[in-house]
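Architecture at a glance
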Protein chains: 2
Amino acid sequence: MPTAPPVAIIGLGLIGGSLALRLRAAGSEVWAHDTSAETLEAAGVHDIRPFPGLEGMLAALPDGSLVVVATPLEDAVALMPVLALLTDDQVTITDVVSVKSAVLEAARAAGLADRYVGAHPMAGTTESGFAAAGADLLREATWVVALEDDTDLDRWVQVCRLALGAGGRVVPTDAEWHDHAAAWISHLPHVLAEVLAANVEPRGLAGALAAGSYRDATRVAGTRPELVAAMLNGNRRMLTEVLESFLDQLEQATVAVRDGSVADLVARGYEHRRQWQARRDGSASTTPVRIPLGDPGARQRLREVGAAGGFIVSHEDGAVTALA
Amino acid sequence: MPTAPPVAIIGLGLIGGSLALRLRAAGSEVWAHDTSAETLEAAGVHDIRPFPGLEGMLAALPDGSLVVVATPLEDAVALMPVLALLTDDQVTITDVVSVKSAVLEAARAAGLADRYVGAHPMAGTTESGFAAAGADLLREATWVVALEDDTDLDRWVQVCRLALGAGGRVVPTDAEWHDHAAAWISHLPHVLAEVLAANVEPRGLAGALAAGSYRDATRVAGTRPELVAAMLNGNRRMLTEVLESFLDQLEQATVAVRDGSVADLVARGYEHRRQWQARRDGSASTTPVRIPLGDPGARQRLREVGAAGGFIVSHEDGAVTALA
């Protein structure tokens with residue numbers, strides 16, 4: 001009986017390491033390359049096959065394998081021409097970097113457009129590294145699996161199945177929309193947290209009075225600063241647009257505060273937050289929809305699922321089931 | 001043996017109710033007035049003496065009593081002339097409203113400058129009302145007890161002892177500094193949370209991708225909107241100044257994001273957040289200082305404790321002990 005081809009992970013940091021542990025726990029064959037011998041040794045304990053040399057790992061990959069680039073953004077960009085050179089056409093390339101347009105551009109420039117599929121599991125902690133990784137980190141994680149106009153649908157399904165096999169749910173969208181949404185819900189909150197924290201002297205009156213509101217508003221400023229700076233840099237074009245839009249809104253809010261007319265803003269914020277929490281808690285109703293992938297309109301329908309805040313929960317018999 | 005005069009609380013909401021329960025648990029005599037008969041009945045179960053009529057409660061107060069106004073800001077402002085009319089000179093007035101300048105102005109206008117001492121225990125949840133109150137809410141709470149140039153020091157000590165007796169620690173500052181600090185660490189985070197939540201469509205892609213960063217950045221937008229609007233309105237003059245300062249900083253941050261030079265901002269935010277957390281966890285070192293209240297410079301020294309992020313932990317023999 002032929003065994004399934006391995007998943008080969010480059011970079012066993014928090015996300016790559018957690019994915020490796022999760023896939024191993026699910027019985028998949030997992031290969032891994034990392035520049036740290038110590039990390040590879042720790043991974044070996046969990047039956048993850050360690051490759052000290054990247055070239056050796058790539059050369060050994062059978063047809064149908066999946067390579068997961070789980071490095072920081074800059075390394076991922078630099079790896080694309082290497083992967084184009086050292087992997088076979090039958091090998092699919094994905095990544096788990098938190099910004100997608102920059103990696104997509106690098107993949108296209110390297111001639112990998114037809115076998116690259118970008119992904120981003122929405123998970124993390126303020127910690128980092130394999131020591132902080134765990135199979136639970138990606139439990140029920142929401143994965144963006146990017147579907148561009150030129151993405152090969154079979155390869156897309158292969159990455160989609162990786163995410164589903166890791167216990168995740170899949171949001172289909174494209175790199176541009178992903179980066180726009182990520183700017184709003186992750187990168188902008190990071191900038192707000194940094195500016196707020198930078199303005200409050202921890203050894204003064206405000207620092208002493210700061211409690212829950214401040215703690216939550218600045219929590220992500222506790223993330224390793226080089227990781228935050230790299231993340232913000234990676235999405236800087238989209239983030240700049242989003243920041244300009246937020247600045248406009250905040251100026252309007254300032255006028256409303258000055259004029260004693262904040263009630264409308266507060267009511268809208270409250271209502272959105274309440275609806276978001278209800279969806280999060282699963283108390284909002286969802287309808288299962290089956291999308292056969294052979295249909296001519298499949299790509300468009302998949303993207304509509306993502307745009308409406310829906311996600312794919314399973315794949316079988318050439319079709320996916322989405323909740324929207 | 002004469003018993004200590006009672007503490008009379010007006011308004012058994014989240015803070016007033018929690019204070020009443022906490023003082024009862026510590027053995028103090030607690031009187032309470034609330035406009036809700038149901039709330040008074042619930043309070044009676046805990047041996048809090050209920051007064052359906054405010055006038056009756058105020059008329060019965062012995063010399064040396066303390067009245068705690070624990071209503072929303074607008075009611076607190078409206079109550080000051082009533083208290084001036086219906087309470088004796090020997091009764092001290094305090095409040096637990098989250099903004100201090102507006103209440104202080106109302107107290108002064110009512111002729112209560114010499115027996116009003118503003119306070120603000122830094123505690124809360126997104127819930128409200130006596131049903132959500134509990135003696136634990138104020139456990140180890142940080143209380144601002146406002147010390148103005150014209151505050152009577154004996155009355156200030158009386159309110160300070162109330163806070164210490166409730167298991168809190170006391171930050172001495174004045175109403176203006178309190179409101180400035182509160183704008184930075186509480187009211188500004190509320191505005192940021194509302195603007196962010198208002199801009200993210202919960203039923204779209206961004207809502208589906210939103211996870212920890214968004215959840216924490218918008219948590220306080222889940223607070224009852226009428227309470228948030230009233231709080232922001234109550235400190236609108238100071239909050240407008242703080243928002244303008246924050247807007248400047250955020251514009252600079254936007255330029256830094258665009259230019260790929262956010263590293264300095266992120267490093268500063270990280271360092272402040274780390275120091276704040278260390279102080280919070282008690283791992284930063286503090287030195288006990290004894291301040292005799294009879295000293296001519298006592299008022300100035302107390303304010304310096306607050307300005308340095310320190311607090312008072314005990315009072316005995318005409319002196320307080322501060323950690324700074």
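Residues numbered from 1 in each chain as written. Chains lettered and ligands numbered in written order. Predicted model: local features only at pLDDT ≥ 70, side-chain atom pairs only at ≥ 80, totals over all residues. Heavy atoms only, no water.

1. Topic: the overall build of chain A
Looking only at helices and strands, one finds 13 helices and 11 strands in chain A. Taking 2.2 N^0.38 as the reference for a compact globule, 324 residues should give roughly 20 Å; the C-alpha atoms of chain A span a radius of gyration of 21 Å, in line with that estimate. For the C-alpha atoms alone, the extent of chain A along its principal axes is close to 70 × 50 × 35 Å. When contacts within chain A are restricted to residue pairs at least 6 apart in sequence, long-range pairs at least 24 apart make up 70% of them. (Helix = DSSP H or I, 4+ residues; strand = E, 2+ residues; numbered from the N terminus. Rg over C-alpha atoms; globule rule 2.2 N^0.38 Å. Contact = heavy atoms within 4.5 Å.)

2. As for empty space enclosed by the protein
In this approach the atoms are scanned with a rolling probe the size of a water molecule, which exposes any empty space left behind. Residue and element names in this part refer to chain B. Applying the stated criterion across every chain yields a total of two cavities of 30 Å³ or more. Roughly 100 Å³ of internal volume is contained in the largest cavity. A total of four residues in the lining of the largest cavity trace back to one element, the largest contributor, which is helix H7 (residues 175-199). Around the second largest cavity, the lining residues are Leu-104, Tyr-116, Val-117, Gly-118, Ala-146, Glu-148 and Thr-151. Examining the composition of the lining of the second largest cavity, we find that three residues originate from one element, strand E6 (residues 116-122), more than from any other. (1 Å grid on protein atoms, 1.4 Å probe; cavity = no way out; pocket = protein on both sides within 12 Å on 5 of 7 lines; lining within 4 Å. Points joined across faces, edges and corners; volume = space filled by probe spheres on them.)

3. Quick word on the packing of helix H7 (residues 175-199) of chain A against helix H12 (residues 263-280) of chain B
Remark: H7 of chain A packs on H12 of chain B, axes separated minimally by 7 Å, with the N-to-C direction vectors making an angle of 60°. Of the possible angle classes, the one that applies to H7 of chain A and H12 of chain B is oblique. Remark: the crossing between H7 of chain A and H12 of chain B carries left-handed chirality. Where H7 of chain A abuts H12 of chain B, its residues Glu-194, Val-195, Ala-197, Ala-198 and Asn-199 of chain A lie against Leu-265, Val-266, Arg-268, Gly-269, Tyr-270, His-272 and Arg-273 of chain B. Class assignment for the residues of the contact of H7 of chain A with H12 of chain B results in six nonpolar, three polar and three charged. (Axes fitted to C-alpha atoms, helices over the stretch in contact; angles between N-to-C directions. Parallel < 35°, antiparallel > 145°, perpendicular 65-115°, else oblique. Left-handed = near helix turned anticlockwise from the far one by under 90°. Nonpolar A, V, L, I, M, F, W, Y, C, P; charged D, E, K, R; others polar.)

4. Side note on the side chain of Asp-34 of chain B
Residues and elements named next belong to chain B. Here Asp-34 shows up in the loop between strand E2 (30-33) and helix H2 (37-44). In terms of polar contacts, Asp-34 uses its side chain to reach the backbone amide nitrogen of Leu-12, at 2.7 Å. One polar contact links the side chain of Asp-34 to the main-chain amide nitrogen of Ser-36, over a distance of 2.8 Å. Ignoring any residue separated from it by four or fewer positions in sequence, one finds Asp-34 in contact with Gly-11, Leu-12, Gly-13, Thr-39, Leu-40, Phe-51 and Pro-52. (Polar contact = N/O pair within 3.5 Å; in protein donor to acceptor, adjacent residues only side chain to side chain.)

5. As for a negative patch on the surface
A grouping of Glu-241, Glu-244, Asp-248 and Glu-251 of chain A together with Glu-241, Glu-244, Asp-248 and Glu-251 of chain B is seen on the molecular surface, where their side chains present a negatively charged patch. Those elements that place two or more of their residues in the negative patch are helix H11 (236-258) of chain A together with helix H11 (236-259) of chain B. Along the chain, Glu-251 of chain B falls in helix H11. Under the relative-accessibility criterion, Glu-251 of chain B is labelled partly exposed at 38%. (Patch = residues over 30% accessible without salt bridge, like charges linked within 9 Å, V, L, I, M, F, W, Y side chains within 5 Å. Areas by Shrake-Rupley, 256 points an atom, 1.4 Å probe, with all protein chains shown as cover. Salt bridge = Lys/Arg side-chain N within 4 Å of Asp/Glu carboxyl O. Lys, Arg positive; Asp, Glu negative; His and termini not counted. Charge placed at Lys NZ, Arg CZ, Asp CG, Glu CD. Buried < 20%, exposed > 50% of the residue type's maximum accessible area, 1.4 Å probe, protein only.)

6. Topic: H2 of chain B
Residues and elements named next belong to chain B. For H2, the complete set of buried residues consists of Thr-39, Leu-40 and Ala-43. Along the axis of H2, the buried positions cluster into a sector of 100°, meaning they face one direction only. Looking at H2, the residues exposed on the side facing more than 90 degrees away from the buried face are Ala-37, Glu-38 and Glu-41. Looking at the buried residues of H2, the elements they touch are E2 and strand E3 (49-51). (Arc of directions from axis to C-beta.)

7. Let's talk about the interface of chain A and chain B
Tallying the contact residues gives 87 residues for chain A and 87 residues for chain B. The contact between chain A and chain B buries some 8000 Å² in all, and 69% of this surface belongs to carbon and sulfur atoms. For the chain A face of the interface with chain B, the top three residues by lost area are Leu-205, Leu-209 and Trp-276 of chain A, together amounting to 9%. Here chain A is connected to chain B by two salt bridges. Arg-219 of chain A is the salt-bridge partner of Asp-216 of chain B, the closest N and O atoms lying 2.1 Å from each other. Linking chain A to chain B there are 24 residue pairs in polar contact (both at pLDDT 80 or more). (Buried area = accessible area lost by both parts, 1.4 Å probe.)

8. With respect to the relation of the copies chain A and chain B
With an axial shift of 0.0 Å and an RMSD of 0.1 Å, the rotation relating chain A to chain B amounts to 180°. With respect to symmetry, the two chain copies, as superposed, fit the operation of a two-fold axis. (Least-squares fit on C-alpha atoms with pLDDT ≥ 70 in both.)

9. A look at the confidence of the model for chain A
Confidence in the prediction of chain A, expressed as mean pLDDT, is 94, and 98% of residues score 70 or more. Here the predicted complex carries an ipTM of 0.90, next to a pTM of 0.87. (pLDDT = per-residue confidence, 0-100.)

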